Amino acid sequence: MRVMVMVKATKESEAGIMPTTELLEAMGKYNEELVNAGIMMAGEGLHPSVKGKRVAFDGPGRTVIDGPFAETRELVAGFWLWEVKDMAEAVEWVRRCPNPMLGPSEIEIRQVFEAADFGDALTPELAEQEERLREKTAGR
């Protein structure tokens, strides 16, 4: 199963405070362990929300909202995409993670939808289209 592992933002990360060299080294070592174990598919840190945009949808209307965004603890400061056997394995890997922030922090794990999760709504044609898109983006 695939999971997205999200590092939640903190006041410090939203203020643009960069990690220490020691934290970068620890996270680099941890990421190397994930890659060597065949777990990590992708992973990146994100700039603070002040540099972000949101697009709000209401029927045909679209509204662009400039950051920063409220509720810092609900924002994502970074992420990984992992392939694991189950949620328990994902939790075990997160428990081994160095604290990704300078102070208290949280990491959220969410399962990624697979084609089978959509049942009959995913027609064979849509499944083929999805597979073609995954193949095209796999090497990026």
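As shown above, the structure is provided for reference.
Model, not experiment: these values are computed from the prediction.

### A look at the packing of aromatic side chains
- Inspection of the entire model under this criterion finds four aromatic pairs.
- A centroid spacing of 5.6 Å and a plane angle of 40 degrees characterise the contact between tryptophan 80 and tryptophan 82, whose relative ring orientation is tilted. Accessibility classification places tryptophan 80 together with tryptophan 82 in one group, the buried group.
- Their ring planes at 35 degrees and their centres at 5.1 Å tell us that phenylalanine 113 and phenylalanine 118 sit as a pair that is tilted.
- On the accessibility criterion, phenylalanine 118 (44% relative accessible area) is partly exposed.
- Within the aromatic cluster, the residues linked to one another by ring pairs are Tyr30, Trp80, Trp82 and Trp93.
- Looking at arginine 54, its charged tip hangs above the ring of phenylalanine 69, at a distance of 3.9 Å from the centre.
- Residue placement shows arginine 96 over the ring face of tryptophan 93; its charged tip is 4.1 Å from the ring centre.

The rules behind these values
- Residues numbered from 1 in each chain as written.
- Predicted model: local features only at pLDDT ≥ 70, side-chain atom pairs only at ≥ 80, totals over all residues.
- Heavy atoms only, no water.
- Phe/Tyr/Trp six-rings, centres within 6.5 Å; stacked < 30°, edge-to-face > 60°.
- Buried < 20%, exposed > 50% of the residue type's maximum accessible area, 1.4 Å probe, protein only.
- Lys NZ or Arg CZ within 6 Å of the ring centre and 35° of its normal.

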